[in-house]
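Per-entry structural report
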Amino acid sequence: NELLYKKKKVIKLCEKIFEDFKYSDKYKLSDDYLYNLLDKKTVQRNRYLIKFALDDYLVKTATMYLGILPTIGSIKLWWTPKNKLSKGSQRFHIDQVDRKQLKLLVNIKDTFNIHGPFTFLPKRLSKKFMHTSNKPFESKTDDEIFSKFNKKDLIQHTGKSGSMIFVDSSNCYHYGGRTKKRDRLILMIQYLPFHCVKETSDINWIDTLSHLKPYYK
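Cut-offs applied
Residues numbered from 1 in each chain as written. Predicted model: local features only at pLDDT ≥ 70, side-chain atom pairs only at ≥ 80, totals over all residues. Heavy atoms only, no water. Core = buried A, V, L, I, M, F, W, Y, C linked by side-chain atoms within 4.5 Å. Buried < 20%, exposed > 50% of the residue type's maximum accessible area, 1.4 Å probe, protein only. Helix = DSSP H or I, 4+ residues; strand = E, 2+ residues; numbered from the N terminus. Contact = heavy atoms within 4.5 Å. Salt bridge = Lys/Arg side-chain N within 4 Å of Asp/Glu carboxyl O. Patch = residues over 30% accessible without salt bridge, like charges linked within 9 Å, V, L, I, M, F, W, Y side chains within 5 Å. Areas by Shrake-Rupley, 256 points an atom, 1.4 Å probe, with all protein chains shown as cover. Lys, Arg positive; Asp, Glu negative; His and termini not counted. Charge placed at Lys NZ, Arg CZ, Asp CG, Glu CD. Pairing = 2+ DSSP bridges. Arc of directions from axis to C-beta. Axes fitted to C-alpha atoms, helices over the stretch in contact; angles between N-to-C directions.

**What about the nonpolar core?**
- With 32 residues, the main nonpolar core has Leu37, Leu77, Leu187, Ile189 and Tyr191 as its most contacted residues.
- Of all elements in the fold, only helix H1 (2–21), helix H4 (48–53), helix H5 (56–66), strand S2 (70–81), strand S3 (102–107) and strand S8 (183–193) reach the threshold of two or more residues within this core.
- By residue number, the principal contributor to this core is H1, which donates 8 residues.
- Every residue in contact with Leu187, bar those within four places of it in the chain, is listed here: Val10, Cys14, Leu38, Leu49, Phe52, Ile75, Lys76, Leu77, Leu104, Leu105, Val106 and Ile108.

And the structure:
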């Protein structure tokens, strides 16, 4: 299976990037809950990340869901250390980049409940909550979500290294990074409709792509 081969290769690549990151001040301080290890230079040195994101099966899956040819909105390698924080994307929220998108999430390390896995409320239930909320695009507390639904309604992306899942984070309330033991390392590839207006927070990704052009002409 070609995708399985590519996945194994990209996991080793992400592990190497993480090992290099361990020598940085950010790793030594680690006073926050979320770090993206893929800056412009790292992507340039590890262009296999782009090749993996452009795999035929992954692109076809995104195309079928979005109903249109996708573009890669961003590629991030998220590292979350053990923490006791409760802020930002650790709270239930909806991404507002477009009406729908598809994120591929690949666990680089074995990830279970205590490691703060990506957790989401299925689209059908999220839509139901959205229609009854006065401010659906503001982040939500657990109490707000669980006043309508049960914890068993949530889906957690847990599993061994290499386990992966597609999620529409524009239509599913979700959170991650509530890491109680060890740490979490996850690769995220974002597929967007090609005509999507991107969030300004992803300007760094646009800058990264502009420097990759010589390699992909």
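**Quick notes on the pattern of salt bridges**
- Here the structure, examined in full by the defined rule, presents 10 salt bridges.
- Glu2 is the partner of Lys6 in a salt bridge, and the nearest nitrogen-oxygen pair spans 3.3 Å. Placement of both Lys6 and Glu2 in helix H1 is noted, with a separation of 4 residues, approximately one turn of the helix.
- By relative accessible area, which is 9% here, Lys6 ends up buried.

**A few points about a positive patch on the surface**
- Taken together, the side chains of Lys82, Lys84, Lys180 and Lys181 define a basic patch exposed on the protein surface.
- Mapping Lys82 onto the fold places it in the loop between S2 and S3.
- When its relative accessible area of 57% is taken as the criterion, Lys82 is described as exposed.

**Points about the sheet that holds strand S7 (residues 174–175)**
- Across the sheet, 3 strands lie side by side as S5-S4-S7; this open sheet has antiparallel pairing. Strands at the two margins of the open sheet, each flanked by one partner only, are strand S5 (155–156) and S7.
- Judged from the 2 bridges that link them, strand S4 (residues 119–120) and S5 form a sheet pairing that is antiparallel. Residue pairing for S5: Thr119 is matched across the bridge by Gln156.

**Some details on helix H6 (residues 123–132)**
- Residues of H6 that are buried: Leu125, Ser126, Phe129 and Met130. The buried residues of H6 occupy an angular sector of 140 degrees when the element is viewed end-on, so they sit on one face. Away from its buried face, by an angle of more than 90 degrees, H6 presents the exposed residues Arg124, Lys128 and His131.
- Tucked inside the fold, the buried residues of H6 contact helix H7 (142–146).

**Some remarks on the sheet that holds strand S6 (residues 164–167)**
- Pairing within the open sheet is antiparallel, and its 5 strands lie in the order S1-S2-S8-S3-S6. On the outer flanks of this sheet lie strand S1 (35–36) and S6, each paired with one strand and no other.
- Inspection of the sheet shows S3 paired to S6 by 4 bridges, in the antiparallel sense. For Lys103, the partnering residue across the bridge sits in S6 and is Val167.
- Where H1 meets the sheet, it contacts S2, S6 and S8, and its direction lies at approximately 125 degrees from that of S8.

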